[in-house]
Amino acid sequence: MAEKITGAEALMRALEHEGVDVLFGYPGGSIMPTYDALYDHKNTLNHVLVRHEQGAVHAAQGYARVSGKVGCAIVTSGPGATNTVTGIADAMIDSTPLVVICGQVGVAMLGTDAFQEVDVVGITSPISKWSYQIRRPEDVAWAVARAFYIAKSGRPGPVVLDFAKNAQTGTVEFEPATVDFIRSYNPEREVDLADIMCAAKMINDSVKPFALVGQGVELGNACPELLEFLEKADIPCGTTFLGLSAIPSDHRLNMGILGMHGNLGPNVMTNQCDLLIAIGMRFDDRVTGNLATYAKQAKIIHFDIDPAEFNKNVQVDLKVLGNCKETLAAVTKQIEATQHSAWIDGFKPYAEKEYNKVIDKALHPAEGPLLMGEVIRRVSEAAHNKGIMVTDVGQNQLMACRYFKFTQNRSVVTSGGLGTMGFGLPAAIGATFGAPDRAVCLFVGDGGFQMTIQELGTIMEQGAPVKIVLLNNNFLGNVRQWQEMFFSHRYSFTPMNNPDYELIAQGYGIPTKTVVEREDLDAAIQEMLSTPGPYLLQCAIKEEDNVLPMTPPGANVDEMLLEV
């Protein structure tokens, strides 16, 4: 006869069965029985006490992005649960595998407006892959196994478990469960050989092919297959922000970043290629610009694991459904080894033009205040281009994606589709647990930093070795840039009256330094990277530094501004 244990203890054992090694959370009344059970599992389930429930989910996201595992957060009911909503929505749109466990009042009290009762399933169902209320201890093992299977299979995403208090305190004869099949849920379909052969023919017939690389390549663990595919057919590529580290920054076929603040060449050549090959990306509006003029001259092949993405924004000529690890390998076997030297050379004039007008000025200013681009590039190089880049949202994000360089996969942690300010600091904490042997470099603006600044307490308690680069321009920089460019310099509520960040860091016991002069930058970066544990490097940057090039909203993808 199996041992009888509480539902809370069953949850602990089920999480261990799934291989969970770290939980990010915050206790409270309705989840207290589970936290009591967790007390006896401290040696196997490392719990990281965050300072706000939103931080728990963002930390779990950072952990998941760099480790390739499912991130896990645990919070209480009511406001504890509702504080996770932003992170759940962020994880959903960016395909980050999470299991978020929320406490809930007992079943007998549901619907009575009990203290800290809220309809978690109703709130989170539209922003999660699955949201389920555990009402009985007998359902714990099954629900956890199902949650982890759904979160990590197919197109990954967040799952929410609403854990009623009576299910936590009731007893059950526990046996771990395994779920590898759910009726009507088909996360990965069989690859259609006819589609593979058709894709190969289109690629073989193409003279000017161009590949768009998204995060789906990394999510599918298909980076080796991507390189083999691109190199065999000699196809240049551009990447989305989330797909940046799927291919080394200096690879000869990597032409740069796609979209509104991407590189000039990839955007212009999108409207000159004869074949556009989208791989694990969703044709976001920030990538496409004006859909009415987007790649109208080209045939389009779309490789994706999620059929809902096909023809959602851009009408394509061929849909190749499946995990790109499998579909790319299958197509590579069928395509001809070829060269597209003249086509690839066509990107060079645009790269040179952008370098002369934008990049050289951003990296090598002759005088004046520090610029974001030069700070980011020097941090990247000091970390030998092997660091993990974590960003908040805004100009710090756009500049970091442009000027940080990558040599390893799973090196990008940023909020893409939702654009969540406050994401960076807790996500960086999670990244240090997901990749403890790598340098985690956070780039954050003074606005986003203050949104989750309380997580400095988590860093203090954990000693999490986050290298925080605060790009302080005393503005909500990205909004200010739009106000400058499109609202006649009317800076409506974007100037920031900031606190003494050095003093705050000192209060949390975090080493800190502020750099104002360019000649002090390199030494400060070296000190930051060589100091064990966390560090805050505040850089006083030019207040009206702009992110360029830029495709204005609603403009064609190739109508990029190189100067304001």
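Treat the numbers as computed from the prediction; the structure is a model and nothing was measured.

Student: For this particular structure, what's the right way to read the overall build of the chain?
Tutor: On a plain count of helices and strands, the chain comes out with 24 helices and 20 strands. Computed over the C-alpha atoms, the radius of gyration of the chain is 24 Å, within 12% of the 24 Å expected from 2.2 N^0.38 for a compact globule of 564 residues. Residues counted as buried form 59% of the 564 residues belonging to the chain. Contacts in the chain between residues at least 24 apart in sequence constitute 76% of all its contacts with a sequence separation of at least 6. Surface exposure of the chain reaches about 22,000 Å², of which carbon and sulfur atoms provide 51%. Charged side chains of the chain number 44 positive and 65 negative; the gap between the two group centres comes to 3 Å.

Student: Is there a simple way to think about the sheet that holds strand β13 (residues 299-304) in this case?
Tutor: Across a sheet, strands are paired by hydrogen bonds formed along the backbone, either parallel or antiparallel in direction. Spatially, six strands are ordered β11-β10-β9-β12-β13-β14 in an open sheet, and the strand pairing comes out parallel. Here the strands that pair on one side only, and so sit at the sheet edges, are β11 (254-257) and β14 (318-321). Strand-to-strand twist in this sheet, taken as the mean axis angle between neighbours without regard to direction, amounts to 20°. Taken together, the five bridges between strand β12 (residues 275-279) and β13 define a ladder with parallel strand orientation. The residue of β13 that forms the bridge with Ile279 is Phe303. Set on the sheet, helix α14 (residues 324-334) makes contact with β12, β13 and β14; between it and β13 the angle comes to about 135°.

Student: Please clarify how the pattern of salt bridges should be interpreted in this entry.
Tutor: Per the stated rule, a full pass over the model turns up 20 salt bridges. Across the salt bridge formed by Glu527 and Lys513, the nearest N and O atoms sit 2.9 Å from each other. Of the two residues, Glu527 sits in helix α24 (residues 521-530) while Lys513 sits in strand β19 (residues 512-515), which places them 14 residues apart along the sequence. Salt bridges sharing partners connect three or more residues here, namely Arg155, Asp306, Glu309 and Lys312.

Student: Is there a simple way to explain the pairing of strand β5 (residues 98-104) in this structure?
Tutor: Regular strands have side chains that alternate between both faces of the sheet. Of all seven residues that make up β5, seven are buried, and the element is covered over most of its length. Neither face of β5 is left uncovered, since the one carrying Leu98, Val100, Cys102 and Gln104 and the one carrying Val99, Ile101 and Gly103 both have all their residues buried. Judged from the five bridges that link them, strand β4 (residues 71-75) and β5 form a sheet pairing that is parallel. When the bridges of β5 are listed, Ala73 appears paired with Val100. Two strands pair when backbone bridges link them, and β5 and strand β7 (residues 158-164) are joined in this way by seven bridges, in the parallel orientation. By the bridge assignment for β7, Val99 is matched with Val159.

Student: Help me out: how do you make sense of the environment of Pro426 in this one?
Tutor: Assignment of secondary structure puts Pro426 in helix α19 (residues 424-434). What makes Pro426 buried here is its relative accessible area of 1%. Sequence separation between Pro426 and Gln61 is 365 residues; the distance between their C-alpha atoms is 8.9 Å. Beyond its immediate sequence surroundings of up to four residues, Pro426 is in contact with Gly55, His58, Ala59, Thr452 and Glu455.

Student: In this structure, what is going on with the nonpolar core? I would like to understand it.
Tutor: Looking at soluble globular proteins, one finds that nonpolar side chains tend to be buried together. Of all hydrophobic cores here, the largest spans 51 residues; its most connected members are Ile203, Phe229, Leu276, Ile279 and Phe283. Aside from chain neighbours lying at most four places away, what touches Ile203 is Phe229, Ala233, Ile235, Leu275, Ile277, Ile301, Val331 and Ile335. Ranked by size, the runner-up nonpolar core spans 44 residues in total, among them Val379, Met399, Tyr403 and Cys539.

Cut-offs applied
- Residues numbered from 1 in each chain as written.
- Predicted model: local features only at pLDDT ≥ 70, side-chain atom pairs only at ≥ 80, totals over all residues.
- Heavy atoms only, no water.
- Helix = DSSP H or I, 4+ residues; strand = E, 2+ residues; numbered from the N terminus.
- Rg over C-alpha atoms; globule rule 2.2 N^0.38 Å.
- Buried < 20%, exposed > 50% of the residue type's maximum accessible area, 1.4 Å probe, protein only.
- Contact = heavy atoms within 4.5 Å.
- Areas by Shrake-Rupley, 256 points an atom, 1.4 Å probe, with all protein chains shown as cover.
- Lys, Arg positive; Asp, Glu negative; His and termini not counted.
- Charge placed at Lys NZ, Arg CZ, Asp CG, Glu CD.
- Pairing = 2+ DSSP bridges.
- Axes fitted to C-alpha atoms, helices over the stretch in contact; angles between N-to-C directions.
- Salt bridge = Lys/Arg side-chain N within 4 Å of Asp/Glu carboxyl O.
- Core = buried A, V, L, I, M, F, W, Y, C linked by side-chain atoms within 4.5 Å.

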